[in-house]
Every structure is written in C-alpha cells, then in structure tokens.
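# Residue-level structural notes
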There are 2 protein chains.
Amino acid sequence: MSDLAFGLMQDRPLLIASLLTHAARFSPSREIVSRSAAGARRYGYRAGDVRARKWAKGLQRLGVRPGDRIASLAWNTHRHFELFYAVPGLGAVLHTLNPRLWTEQLVYIVNHAEDSVLCFDPDLLELVEQLAPQLQSVRHFIVLADRDEMPNTSALDLLCAEDILGDDDFVWPSFDERTASVLCYTSGTTGMPKGVLCSHRSTVLHALYAQSGVAFGLTPTDSVLLVVPMFHAYGWSLPYVCAIAGAKLVLPGAAPTAQTIVDMIHAEAVTLSSGVPTVWTGVFDELERSKRDLGPLKRGLVGGSAMPPAMRRRLRDYGVEPVTGWGMTELSPLGSFTSSTPEIEALDDGARDQALYGSAGRVLYPLEIKVMLADGAEAGPGVAGDIWVRGPCVASGYFRGEGGALLDADGWFPTGDVGLIDEYGAIAITDRSKDLIKSGGEWISSADIEKAATECPGVAQAAAVAARHPKWQERPLLLVVPSRNVMPTREAILHALQARLAKWQLPDDVLFVDELPVTATGKIDKKVLRNRFGDHLINSKASEETLREGR
Amino acid sequence: MSDLAFGLMQDRPLLIASLLTHAARFSPSREIVSRSAAGARRYGYRAGDVRARKWAKGLQRLGVRPGDRIASLAWNTHRHFELFYAVPGLGAVLHTLNPRLWTEQLVYIVNHAEDSVLCFDPDLLELVEQLAPQLQSVRHFIVLADRDEMPNTSALDLLCAEDILGDDDFVWPSFDERTASVLCYTSGTTGMPKGVLCSHRSTVLHALYAQSGVAFGLTPTDSVLLVVPMFHAYGWSLPYVCAIAGAKLVLPGAAPTAQTIVDMIHAEAVTLSSGVPTVWTGVFDELERSKRDLGPLKRGLVGGSAMPPAMRRRLRDYGVEPVTGWGMTELSPLGSFTSSTPEIEALDDGARDQALYGSAGRVLYPLEIKVMLADGAEAGPGVAGDIWVRGPCVASGYFRGEGGALLDADGWFPTGDVGLIDEYGAIAITDRSKDLIKSGGEWISSADIEKAATECPGVAQAAAVAARHPKWQERPLLLVVPSRNVMPTREAILHALQARLAKWQLPDDVLFVDELPVTATGKIDKKVLRNRFGDHLINSKASEETLREGR
C-alpha cells in the first residue's frame, strides 16, 4: 500500500517565474506596451523575461535575499511589470504600495513590512522624500527610470533602475511553492492597513483560475489594457494571467487621462479593459466630447465597486460586453465573474440583464463560499447572510498576525461582505458588515474618520457612513451628535478634520443628529444610517461642488 | 525570517471531489445527460453529487479503502461519471479499462493493478466472464445497471450498482493532494501496457488549465458531447472540466452511431463535441445521408490523431470551428490546443488555415517542453527533435516502476514524439520515435505484431509500420524478409497471426522485401519504411476491402 498512496506525477512546484518563462518561450514577441511621457515603449515577452532576470540578478547583487520584502511605489509601467516577476522569481517578496495612501499609513506599512528596498517612479520622488526620514528598514532607493530621467537633486542617495540591472545569465531558482510571493496591504475596519501575504502557489493557482473560460478566458488575440493600478490587489492578477494566455498587455503609465485610455484602446487594438466605475465614467465623458467610439474593445470589466446599471447600458451602446466581478485582496483577489447560463439566455432582454448583472457573477473554482445567518445557520439560496470563504488562494491571516486569528474552526475566512447565492447560482453582494467606504475604488475607513471627528471640539458622537455619489460611487458622510455645551458648525468640523485626515478621506458633508441608532449589541447601526442618509450627497448641493472641483 | 518564508494563504488541498461540490453548489440543475437503450437519463450536478457520495459510502461498505484500485469497464454513462468522482473522492483509485483491448492485456492490467472491484456495463458481461477466471484480485463484480437491467444468469456473483449505493450522508474527506486519483494504462513500444497514476493535484491542476481560455474555455452556456470514451485518457478530462465551468455534459452511452451523435447534438443543444477523426468521418457520412446539419454545434474537437485538412474544411462548411490538440495519457492528457494569434489572424485565408492547423496548437501552461536534437543540443525554433516534457501534471514514471526510470537528470519525460515549435509559438508533431500505430484513436504496438510475425514459419525479419488509411488514419502494414528455406505467402502469415493477435491488431497487408533499412545504431529504420510504404494502403485494394467490411 505505502508505495501506492501517492500518484506518480512529477513533483514540480507552481512558481511565478514559470509564467513568464512560458510566455517568453511560446509568445516571445507578443508585446508588453508601457506608456510614458516620452511615448510608448514596447517589447516582447522574451525581452521582458530577460529584463526580469537582469533585475533579479541586480537585486541579488544589492544584497536582496529570499524572503526579503522589496517595496514598489509605482504606476503601471514595464518596470513594475518586471518587478512583478523579478522579485518573487528570486524568492523575495514584492510589496506593492498605494501612492494614494496617507503618508502616515505608508510609513507605517513600509516599517511594518520591513521593506529593505524601495523602487519608485520618478514622479513620486517628493512623496518618497517625505517618507524617507521615517523609514526604518529601507537600505536602497531605486528610481524606476532611464538614466536621463534621473532627478538631478535629492536629499536621498538614489539608484537608477538601469544601473542596477545585472547580467542576463540569471536562472530562475526552484523552491517550495508555499514561499511568500507578493504582499499587499488592505484597509481594515479599524486602524492601519493589514498585509495580505500571498504564496507562489496561491498566485499561480489564482492566475490559472482567473484565466478560466468563466473569468478572463484570454487568448493570444487579446490585448489587455490594465487601467486598474498594479498596486491594487496585484492588478487583479492580469500581469500574470496575460502571460498564461500569451496575450498583449498594455500599461498606461502614471495617471492616464480618459483621453489617454481611449487613445490606447484604439492604438493598441485593446480587446479587454479594466477599471473602477469612476474610470469608465471618465471614458464615457471623453467619448462624448471627442465623438469617438471604443473601436476594437470587446469586453469592459467594471470592478472595485458594483457596476451601475447605466454603465452597462453605455458599454453595450458602444458595442462592448460589460463584465464585472467581486473580489478582495484577501482572495488573491478574484472571487466571482460575470458569466451567463442557459436559463439567463432564455429570458427577454430586460430580465436577462437583471439576472446577469443583478449579481457579481459566478463564484470561481476553487473558491468555497458559505453564507451564514446571524443565528449560526447556513442561509438557503436567495437568502442573504455573512459571506465566509475558504480555498487555497484565500488568506489564512494577516502579515505578522495583525487582526489576530481570523478563521473559524473549519478554516473559513470572514469577508465582511453580506450577500447571497441567487437563483442562477451567482453571488450577489447586498451589503457589507465591514465598515468601509469605497470611493472611486479606494477604501476609506469610517473608523479613521470617526476617531478624528471625536477629537474635534463640540463632537459628542460621530458616525461616518458611505453615501452614494454620482462620480465616486461612494463618499464619506459624517453624522455628528453635538456635545451639550458647544454647538459646532459644519465648517469648523471639516476644518479641524483637515489636520487629521488626508484630503480624499475628508467627509463630503457633515450632518447633525440628536442621536445615533444602535444595534441589539449596542453598536452604532450603520445599516440604518446608510438607508436613511445614503442618497444625501446625490440630493444635496455638496456633491455638485465636489464634481466641479474635479476631486 | 523564518516566520516570513511562507505565504499566509490557506493550506487547502486540491481534491477531485471539490470539483463536483462546486458544480453541485453553483450549477445544481445544469444537466448530466446519459443515453442508454432505454432513452436519455438526466439529472443536475446536485443530484450527481448525491449519487457520487452514495457510491462512495457504498464502496466503503464493500470494504474499499483509501489507495485501493477500483476498475471500470464502461462506456460514457452517468454511472461512469459518478465513479469518476466517487472513487477518487473517497481516497481510492479509479482504474479505467479499455474494453477494446485484447483479453490477455486486460487480464494482465487488472492483475497488475490488483483491482479489488470491477464495475462494468451490462453489455460487457461476456467479456468480464471471459476475464474473470484469470483475475487474481477482484473481490466484487458490480454491474452498472438498474435492477431490472441485471443479467439473469451468470457464472459470476454479480452486484447491482443500485443495490450497493449507501446513504447520502457521506461527506467527502480531506487528504493530501498528492494522493493517487486515477489510473490509466497506455500502450508502450514493447510488451504490455503501462499504468499512468495521476494524483488529485495533477488531475485538478490539469482540469484548471484545460479550462483555460486557450483550451476548452467552457462557460455554463456550453453543452459538451463526450464522444471520446471516458476510458481514453480520463475522457480528455472533460468530466472534470465541465464541473469547473458549470457546463452541461452529454454522455452518449455504449457504441453511439454517427446517427446517435447527430441526434444528440441537436436534442441536447451541444456546443462542443469531441472525437477521434474516425468518429467525425462517420458523422459527415451521416449528415450527407440524412441531409441534416450540425445545428447548435460551435466547436468540433478532433483529437487522438492529427486532424486531416479535409476534416477541418468540412467542419467549417457546417459552421463549426475546428479545434485540435496534442496530448497523451502521461500528460493528464492535454499538452496543447488550437488557439489563434494576431500574426495568424493577419494572414489570408489559406495561409491562416495552414498556420493555425499546421500545428497541434499552443502548449498549455504549466507544461514545459524541450525539443532535443540527436547530438544532445536543444533544437531552435522550427527545428524538429525529440520532445521532452516536464510539469506538475506529467508522469514521473509508470505504475510499479514498469519501464524503469524515465526522467532525465533534470526531470524531463521523453514523450516519444518528434516535433518542433513553429514560428507562431505552437507545437507541431512531425513524427514519432515511439513505434506505435494509431488506428482510429487506438494504439497498436508494432513490436507486438513483429514478435508474433517472427514466430510464423518462413519469416526471417519483420517490421510493422503505420500506413495511412482513409478511414482509420493508420493501419499496420507488415514488411517481411523471407527466410532462405521457405517462401511464405501473404495469406499464410495473416492466418498464422490470427492466433497470436486480436483482430483489430492484424496488419492490413503483408509485403515481402529483400532487406530492411537500418539506422546508424543498427535498429530497423522505421522512418525510411514509413516514407516508402506509408501510402501503400491508400493505393492498394486492401484498404477498399477493409472499408467494405466496415472494420
């Protein structure tokens, strides 16, 4: 028996570098296109693999060892793409940083991760100079730039990416597939962001299932425009999925405008583009302004927030198939994806649309889902409850144990989302128990706003909730119970908050209430507040002002 | 450092039963349709999961333990589908037997695998009765039939499948993903077939990559007709891939005629059908005869042998996209799949077809390929050599060590195929070093024929080679160097071979030659013989007779 217990298949680990090796071998000249102010730079997967190996060799020479964390503070460029492979490829961990985070959060995150190298785009130098004095572990600052793009002066000792590249004789090493690969911090309900640490196994498995016919399902004839930032949940894994498929990958560089996005869709024959709703809204405005269309685009992926019905109609008006999904950093990140069924196809147009897009799509194997009611029973089909997940691409905990033990006795992870499995077998997210506000694809912690608000004079109690917003999908709305002594003003509170919060975290409005509703367990009942005040920004002048300011 | 070496993702194994659990949860009513003489039987994935768990419980009650081998001798039916999940799901090994093998081979295989249970379709009772007296390990014979379909008399003590099913409270157990899952014997160059023993890990990983957008890429709107037998390399993994996708699976039962296939394509809204070239030839004949079309069919997968150019034209005439691939049991089994590229799409029609179908398609991640020249150097693009493969879904050896150590020092497995990577990054199989004849999708060992031939009076030397055949793609042709004393006749040799070979292994013709060409190392040079005599059956009357006999 003992010789028969295991299958007789090769013991080969699933490693990230093998994705690029595959693309280099079988799609050597399929392009990675990287836009910058200087124009579009392009090379094939074979050249990309050579550059990634040169990076790995160069980082090794700098002293980077397996397990070290290497931070990137960068937009979607070819060098960031190279780091996506080079760093995990040599056994180190790529830690993607979101440049839009508050400085204090970035300092916390880099120190918490003990990043030893920080690679950043030249336009982020000012931010890095602000961070640097407080960073405790960073030994090297590498600018992701050509030699002639290097900043002339800086208080920091800067290395140029092109100078650190080593020889091309680096061979990707083999190691345990459970080795840590990429690290991404995500906002929690309270306090500082927490790190999700993927393994090579989870990253590669996720890329395989994200490339399923029921998800991205790319082919070599696809050209993918990655508008979603690569620091957002591994760029929704598309830098890896494209390599499996041998698909073209188009990287729009720093802060692409809607005009740039439309230009690239036409110039690079883009068939799939991805973005949060705000990005798509901008694209539609640009199309109207310029009287253009979406040309070669076949599929438009709207993610990061629920796809508004008007958005899917507009995509379809332009001949583009709308697709959406649900995910989170902790899921690697994709959990579900739009996919039709024979039952849905049999409906008439309106009902078909509602059935197809009334959910966040079908759950992707091997993700397991359970929907739990408050009483501990499992919810039946169509009944909403707390969503728990399990699987080889789901986090078992956060980096360095932050947040404590998360899994239940059977190994399930609480997503913080509330939802149901609908009659078509798809998952619908109906609410969230995790108390966050999602503004233009970025998470804002209501707890952070509340903590800052209660430090303002005249504030007895404060609750920040997500209010629907025509441009940002959601913006924070602050509800304040005034103290008995001092009646504060809206302006005074907003002014006081400016010292404590980043500009984009500031509430769009402040409303005064006599009391805050509470749940049975005495917590502020955010659900009641969201129901009552959810449309406040849409109905009020405040939102119009925000739009005019172009925030 | 040590706490940081591994990613913080859940330690969940990849297990076959989870594929069915996924389909049962999210595609509960998507159908598995099983044709029998009594008509089509249909149920949803949820019911299929219940039946598979009842099977697992029942087999446990019969004494089946983890690691035991359970043989199936069955066509494509719902019960065979259930066994595909039930047996590996409980930790045992499903051993699929090819009923078309020679009795002596079946006996050898069952005894070699030490199968403890044999599950078989009722129409194969006579074969099982022939085998039974020589089977050393089989303790239970289970007929895959309803109670009223049970044979009335048999020398064997037969169990009815429906009687052995247990309760539906069986819960799929969790165990190491490297545990053996399915076992399939494959013909080698010499002697008896050898067993390929997959693991849960390799089977699930293979299903994930076979479901990639560059391979099957199924969606829930697909309906898959599985014409390829489930005992042929795990039914090309489609019973597993369909579960991931939530696609409908249509099983045509015992010996479907071309008329049945066309009927089912229409009745079950089939979008993808799979078969060896011989099957498709029959379908085209049926379509001409009945003046029908292929209705809902979108893709026609031609596998098992190279797709003849005329076949892809005829598929396209019927509005069906031809797809093909390359694989072998040792690869789990899919190695490549037709997929276009922008370069191919830019060609004009004729050149496009040649580029797309001149190869066996694009190599599928995570399969690694190296093409080696005779001098030990790696072949460049476009240059043919021996194909070696490596990956987590590739065999490391055969069951019980048959064939010895196969892998080279770097862990590569020799496929026995000769081929190249073409200018579009696709793999083209140009020849094979493994000396087999592929007749209608079944392998025939030339070594077996040669061994039998040299035992015939008057035969000094014998070489069996594959000759092209209008119906079977290839049939064996025997070349004989007569002995000096006795000049044998064609008829005498064929007659003598009948006692030593199964009917379908018999050469279609015998030719006498003065000598056989040899290679530099003194081996018979089959390549020269195939070049010289490859068209003999097409040019000779022998093939017409075979066709008329309907063999």
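Quick caveat: nothing in here was measured; it's all calculated off a predicted structure.

A few words on the relation of the copies chain B and chain A. For the pair chain B and chain A, the relating rotation is 180°, the translation along its axis is 0.0 Å, and the fit reaches an RMSD of 0.1 Å. Put plainly, the chains are arranged around a two-fold axis. Of the interface residues in chain B, 100% have counterparts in chain A that sit at the interface too, so the contact is made through matching surfaces.

Let's shift gears to the domain arrangement of chain A. Residues and elements named next belong to chain A. Here the domain parsing of chain A yields domain 1 (17-337), domain 2 (367-433) and domain 3 (436-549). Put simply, the middle of domain 1 and the middle of domain 2, counted by C-alpha atoms, are 27 Å apart. At the junction of the two partners, domain 1 supplies 24 residues and domain 2 supplies 19 residues. Looking only at domain 1, the three residues that lose the most surface to domain 2 are His112, Trp326 and Glu330, adding up to 35% of its buried area. At the junction of domain 1 with domain 2, the criterion picks out one salt bridge. The shortest N-O distance in the salt bridge between Glu114 and Arg400 comes to 3.3 Å. Our count for the contact surface shared by domain 1 and domain 2 stands at eight residue pairs in polar contact (both at pLDDT 80 or more).

Residues and elements named next belong to chain A. Spatially, the three strands line up as an open sheet ordered β23-β24-β25, and their pairing is mixed. Of all strands in the sheet, those bounded by a partner on one side alone are β23 (459-469) and β25 (509-512). For this sheet the average axis-to-axis angle between neighbouring strands, irrespective of direction, equals 30°. When strand β24 (residues 473-482) meets β25, the two strands line up parallel, connected through four bridges. For Leu479, the partnering residue across the bridge sits in β25 and is Leu511.

A few words now on the sheet that holds strand β3 (residues 69-73) of chain A. Residue and element names in this part refer to chain A. Pairing is mixed across the open sheet formed by seven strands, whose spatial order is β7-β6-β5-β3-β4-β8-β9. Single-partner strands in this sheet number two, and they are β7 (158-160) and β9 (194-199). Taking each pair of neighbouring strands and ignoring which way they run, the sheet shows an average axis angle of 25°. Alignment of strand β5 (residues 117-120) against strand β6 (residues 140-143), held across four bridges, turns out to be parallel. Paired with Phe120 across the bridge in β6 is Val143. Along the sheet, helix α7 (residues 200-210) contacts β8 (180-186) and β9; its crossing angle with β9, the most-contacted strand, is approximately 75°.

Right, let's get into the nonpolar core. In terms of nonpolar packing, the biggest core is built from 186 residues, with Ile369(A) and Ile369(B) touching the most fellow members. Contacts of Ile369(B), omitting those with residues within four sequence positions, involve Arg25(A), Phe26(A), Trp326(B), Val363(B), Ile387(B), Trp388(B), Val389(B), Trp412(B), Ile421(B) and Ile427(B). In terms of nonpolar packing, the next biggest core, distinct from the first, is built from 34 residues, Leu97(A), Leu118(A), Phe141(A) and Ala180(A) among them.

Let us now look at the interface of chain B and chain A. Facing 85 residues of chain B, the contacting portion of chain A comprises 85 residues. Both faces considered, chain B and chain A share a buried interface measuring about 6300 Å² in area, 57% of it formed by carbon and sulfur atoms. Considering only the surface of chain B that becomes buried against chain A, Met9(B), Gln10(B) and Tyr365(B) emerge as the three largest contributors, covering 15% of it. Where chain B touches chain A, the interface holds six salt bridges. Arg30(A) serves as the salt-bridge partner of Glu343(B), at 3.0 Å between the closest nitrogen and oxygen. In this structure, the connection of chain B to chain A is made through 34 residue pairs in polar contact (both at pLDDT 80 or more). Ranked by residue count, the leading element in the side of chain B that touches chain A is helix α7 (residues 200-210) of chain B, at six residues. When the residues that make up the side of chain B that touches chain A are grouped by side-chain class, the tally is 42 nonpolar, 24 polar and 19 charged.

Cut-offs used in this document
- Throughout this document, residue positions are counted from 1 along each chain, in the order its sequence is written.
- Whichever chain is written first is A, and whichever ligand is written first is 1; the rest continue in order.
- Given that this is a predicted model, residues contribute local features only at a pLDDT of at least 70 and side-chain atom pairs are listed and counted only at 80 or more, while totals for whole chains, interfaces and linings are drawn from all residues.
- Based on all heavy atoms of the structure, the side-chain values leave hydrogens and waters out of the count.
- The atoms used to superpose the copies are C-alpha atoms, taken from residues with pLDDT of at least 70 in both, and the fit is least squares.
- Contacts are residue-level and defined by heavy atoms, with any inter-residue pair within 4.5 Å sufficient.
- Segmentation into domains, and thus their bounds, comes from an automatic or database assignment.
- By definition, the buried area sums, over both parts, the 1.4 Å-probe accessible area that each loses when the two are put together.
- Salt bridge, as used here: a side-chain nitrogen of Lys or Arg that lies within 4 Å of a carboxyl oxygen of Asp or Glu.
- For this analysis, a polar contact is any N or O atom pair within 3.5 Å, provided that within protein one partner can donate a hydrogen and the other can accept it, and provided that sequence-adjacent residues contribute only side-chain to side-chain pairs.
- A pair of strands is labelled paired if DSSP reports no fewer than 2 bridges between them.
- Only runs of H or I of at least four residues qualify as helices and only runs of E of at least two qualify as strands under DSSP, and these elements are numbered from the N terminus.
- Every axis in this analysis is a line fitted to C-alpha atoms, fitted for helices over the stretch in contact. Angles between the N-to-C directions lie between 0 and 180 degrees.
- What is meant by a nonpolar core is a set of buried Ala, Val, Leu, Ile, Met, Phe, Trp, Tyr and Cys residues, joined one to another through side-chain atoms within 4.5 Å.
- Relative accessibility thresholds used throughout: buried, under 20% of the residue-type maximum; exposed, over 50%; partly exposed, between the two (1.4 Å probe, protein chains only).
- Nonpolar residues are Ala, Val, Leu, Ile, Met, Phe, Trp, Tyr, Cys and Pro. Charged residues are Asp, Glu, Lys and Arg, and all others, Gly as well, are polar.

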